Amino acid sequence: MRLNTTLVINSKGGSGKTTIATNLASYFAANHIPTTIMDYDPQGSSLNWLDVRGQIERKIHGANAAPPKAGRIRSVEMFVPADTQQLIIDAPAGASGLLLQEILRRPDSIIVPVAPSTIDIHATANFIKELLLAGRVRARNIRLAVVANRVRSSMPVYQPLERFLASLGVPFLARIGDSDNYVLTADTGLGVFEMDASAEAERLEFLPIVEWVMQRRVEDGKVIELTRPRLTPRERTQSHSDPGPQSVSGQP
Ligand SMILES: Nc1ncnc2c1ncn2[C@@H]1O[C@H](COP(=O)(O)OP(=O)(O)OP(=O)(O)O)[C@@H](O)[C@H]1O
Ligand SMILES: [Mg+2]
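Residues numbered from 1 in each chain as written. Chains lettered and ligands numbered in written order. Predicted model: local features only at pLDDT ≥ 70, side-chain atom pairs only at ≥ 80, totals over all residues. Heavy atoms only, no water.

1. Some remarks on the nonpolar core
So, point 1. One finds Met 38, Ile 110 and Leu 131 to be the most contacted residues of the largest nonpolar core, which totals 35 residues.
So, point 2. Mapped onto this core, the elements with two or more residues apiece are strand 4 (86-90), helix 4 (97-103), strand 5 (109-114), helix 5 (118-133), strand 6 (143-151) and helix 7 (159-168).
So, point 3. Sequence-distant contacts of Met 38, that is, excluding residues within four places in its chain, are made with Ala 63, Ala 65, Met 78, Val 80, Leu 87, Ile 88, Ile 89, Asp 90 and Arg 106.
So, point 4. If you look at the next biggest cluster of nonpolar residues, it comprises 34 residues, including Ile 37, Leu 47, Ala 145 and Phe 206. (Core = buried A, V, L, I, M, F, W, Y, C linked by side-chain atoms within 4.5 Å. Buried < 20%, exposed > 50% of the residue type's maximum accessible area, 1.4 Å probe, protein only. Helix = DSSP H or I, 4+ residues; strand = E, 2+ residues; numbered from the N terminus. Contact = heavy atoms within 4.5 Å.)

Structure follows, in structure tokens:
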């Protein structure tokens, strides 16, 4: 199976990039899919999460794409194992210019998390414009979607963003609640797909992200759009233990 690469990015800090990236990786790991997280952030938050994860059997490889420190060779640290099927890139806040161009070389899909404040939404709308103008997204036909993160009850503040995204044809994928379980994932090195029944609500709200990421495959240089319908409610409740992304994608 060819590599499927997902970039999680927003120029705005603290929007939930690492939280989305690590939980997505946790889904694949929980379903025994060889997965690598590539961390572009000098803070190394995703790699720290992998360190906390430590000896958990469901391994996720860590690739460090942050600017090199003395005595370290970036190209070596960025190595992605050949058997990786899902590569998830965690971008740093404020990526622009040449760094942004480099980050945009790899992904099949881009997820932009946005936090629920007018300031974040405004900055995110500008960032999406910048992404689309960057050329690579259109030239490489990279899919783009937005995830609302840290949503509390009713968030009318999203309406202007939803209108803006609709005008660009960019889907609003999921609303991720403001939940202690996500904070816990950072502390434990697990993801919501590896937690007990107390994280069921988080798994359900996160699944549209997984489904969207899995919709596309590139095989032998050809892009294959998969048309399999979304998970059934029964599959959804079993998702963390059973059907695996293969059944979402329809691929063997
Ligand atoms: N849905 C959520 N519910 C509760 N807490 C969350 C949620 N998403 C993120 N957080 C918390 O918000 C903080 C920022 O999240 P995160 O590190 O994922 O953002 P980021 O975009 O990667 O930040 P940076 O720009 O610094 O890389 C973290 O403490 C994280 O645990
Ligand atoms: Mg981060």
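2. What about the site of ligand 1?
So, point 1. Neighbouring ligand 1 are 18 residues, the closest being Lys 17, Thr 18, Thr 19, Asn 149 and Gly 177.
So, point 2. Between ligand 1 and the protein, one listed contact pairs an oxygen atom with a side-chain N or O atom of Thr 19 at 2.6 Å.
So, point 3. At 3.4 Å, a side-chain N or O of Gln 43 approaches an oxygen atom of ligand 1.
So, point 4. The protein chains hide 80% of the 630 Å² of surface that ligand 1 would expose on its own.
So, point 5. Counting residues per element, the shell around ligand 1 draws most heavily on helix 1 (residues 17-30), which supplies 3 residues.
So, point 6. Across the shell around ligand 1, the residue classes break down as 4 nonpolar, 10 polar and 4 charged. (Near = heavy atom within 4 Å. Polar contact = N/O pair within 3.5 Å; in protein donor to acceptor, adjacent residues only side chain to side chain. Areas by Shrake-Rupley, 256 points an atom, 1.4 Å probe, with all protein chains shown as cover. Nonpolar A, V, L, I, M, F, W, Y, C, P; charged D, E, K, R; others polar.)

3. Quick notes on the environment of Tyr 27
So, point 1. Locating Tyr 27 in the fold gives a position in helix 1.
So, point 2. Using a relative accessible area of 0% as the deciding quantity, one classes Tyr 27 as buried.
So, point 3. Residues Tyr 27 and Val 192, spaced 165 residues apart in sequence, show a C-alpha to C-alpha distance of 8.0 Å.

4. Details of the packing of helix 5 against helix 7
So, point 1. At their nearest, the axes of helix 5 and helix 7 sit 10 Å apart, and the two run at 10 degrees to each other. Judged by the angle between their axes, helix 5 and helix 7 are roughly parallel. As helix 5 packs across helix 7, the resulting crossing turns out to be right-handed. Contacts from Ile 121, Ala 125, Ile 128, Lys 129 and Leu 132 in helix 5 reach Leu 161, Phe 164, Leu 165 and Leu 168 in helix 7.
So, point 2. When the residues that make up the contact of helix 5 with helix 7 are grouped by side-chain class, the tally is 8 nonpolar, no polar and 1 charged. (Axes fitted to C-alpha atoms, helices over the stretch in contact; angles between N-to-C directions. Parallel < 35°, antiparallel > 145°, perpendicular 65-115°, else oblique. Left-handed = near helix turned anticlockwise from the far one by under 90°.)

5. So, the pairing of strand 2 (residues 35-39)
So, point 1. Burial of strand 2 is extensive: 5 of the 5 residues sit out of reach of the surface.
So, point 2. The two faces of strand 2 match: Thr 35, Ile 37 and Asp 39 on one face and Thr 36 and Met 38 on the other face are all buried.
So, point 3. In this sheet, strand 4 lies alongside strand 2 in parallel orientation, the contact comprising 5 bridges. Along strand 4, the bridge assignment pairs Met 38 with Ile 89.
So, point 4. Relative to strand 3 (residues 61-64), strand 2 runs parallel, the two sharing 4 bridges. Within the sheet, the bridge partner assigned to Asp 39 lies in strand 3 and is Asn 64.
So, point 5. At this point the chain moves from strand 2, through helix 2 (residues 45-53), to the parallel strand 3, and the crossover so formed is right-handed. (Pairing = 2+ DSSP bridges. Right-handed = clockwise from strand over helix to strand, strands pointing away.)

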